[in-house]
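Observations on chain architecture
Each chain, letter by letter, is given below.
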Amino acid sequence: MIAALNASRRVEKEQTQFYRALAAEAEIAGNSAVAERLNSLHADEQHHLSRLTARLIELGARPPDLSDVRGPDADLAHWEAAAADRERKEVANYEALLAGDLDPETQRIVEEIVEVERHHAQELGGKWTRAG
């Protein structure tokens, strides 16, 4: 379970960098509506990264440094297709994690994350993360 959470954390870090880079491109291009969508997706993914990090610490694990993680190349012209593919892969990853043997608290956290990732895959927009 720890290895799977660490792998998910790494993907979340890639996602945050992906959406951050795209949002910056959209802002430079003057496309504020797309920038807002991308910033919202970034915020949700950053929340997932933080929650997974916190859960690993709660479980007594030492989350690895992610300073070497780089997001994929970001192309604003084709971002939706790339994002949809990446979000589908995240959903599949979290669904596989849920099929494993998780303690109740980790199960709850992963269920919340996968719910948000499903919204991302369907809507390609963020702000689905609940406070708390």
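Quick note: structure is the one above.
I will try to describe carefully the structure that is included in this document. (Residues numbered from 1 in each chain as written. Predicted model: local features only at pLDDT ≥ 70, side-chain atom pairs only at ≥ 80, totals over all residues. Heavy atoms only, no water.)

1. With respect to the overall build of the chain
Note the following rule: A run of H or I in DSSP becomes a helix once it reaches four residues, and a run of E becomes a strand once it reaches two; helices and strands are each numbered from the N terminus. Values of the radius of gyration come from C-alpha atoms, whereas the globule rule sets the reference at 2.2 Å times the count of residues to the power 0.38. Any pair of residues with heavy atoms lying within 4.5 Å of one another is described as a contacting pair. We get accessible surface area from the Shrake-Rupley algorithm with a probe of 1.4 Å; when it comes to residues, only the shown protein chains can shield them. A positive count includes Lys and Arg, and a negative count includes Asp and Glu. His and the chain ends are not counted in either. For charged residues, the charge sits on one atom: NZ in Lys, CZ in Arg, CG in Asp, CD in Glu.
Secondary structure summary: the chain contains 4 helices and 0 strands in total. For the chain, the sequential pattern of α-helices and β-strands runs α-α-α-α. Over its C-alpha atoms the chain spans a radius of gyration of 15 Å, differing by no more than 12% from the 14 Å that the globule rule assigns to 132 residues. By principal-axis analysis of the C-alpha atoms, the chain measures approximately 45 × 30 × 25 Å. Here the analysis covers contacts within the chain between residues at least 6 apart in sequence; of these, 79% occur between residues at least 24 apart. Looking at the chain as shown, the accessible area adds up to about 7000 Å², and 52% of this sits on carbon and sulfur atoms. Of the side-chain charges in the chain, 16 are positive and 25 negative, and the distance between the mean point of each set is 4 Å.

2. Points about the packing of aromatic side chains
Spelled out, the test is: Between rings of Phe, Tyr and Trp, where Trp is taken as its six-membered ring, a pair exists when centres lie within 6.5 Å; planes separated by under 30 degrees are stacked, by over 60 edge-to-face, and by other angles tilted. Remark: a charge is flagged as sitting over a ring if the NZ atom of Lys or the CZ atom of Arg is within 6 Å of the ring centre and within 35 degrees of the ring normal.
Counted according to the given criterion, the structure contains 1 aromatic pair. In this arrangement the basic side chain of R86 is found over the ring face of F18, its NZ or CZ atom lying 5.2 Å from the centre.

3. Description of the side chain of R86
What counts, and what does not: The classification of residues rests on relative accessible area computed with a 1.4 Å probe and restricted to protein chains. Under 20% of the type maximum is buried, over 50% is exposed, and intermediate values are partly exposed.
Assignment of secondary structure puts R86 in helix α3 (residues 79-98). Exposure remark for R86: the relative accessible area of 19% places this residue in the buried category. Non-local contacts of R86, meaning those with residues more than four positions away in its chain, are made with E14, Q15, F18 and P72.

4. Looking at the pattern of salt bridges
A pair can form between side chains of opposite charge whenever their charged atoms are brought close. Under the convention used in this document: When a carboxyl oxygen of Asp or Glu is within 4 Å of a side-chain nitrogen of Lys or Arg, the pair counts as a salt bridge.
Under the definition given, this model contains 12 salt bridges. In this structure, the salt-bridge partner of R10 is D68, at a minimum N-O distance of 3.0 Å. On the criterion of sequence distance, the pair formed by R10 in helix α1 (residues 2-28) and D68 in the loop between α2 (32-58) and α3 is long-range, its members being 58 residues apart. Since its relative accessible area comes to 33%, R10 is described here as partly exposed. For R108, the salt bridge identified is with E105, shortest N-O distance 2.5 Å.

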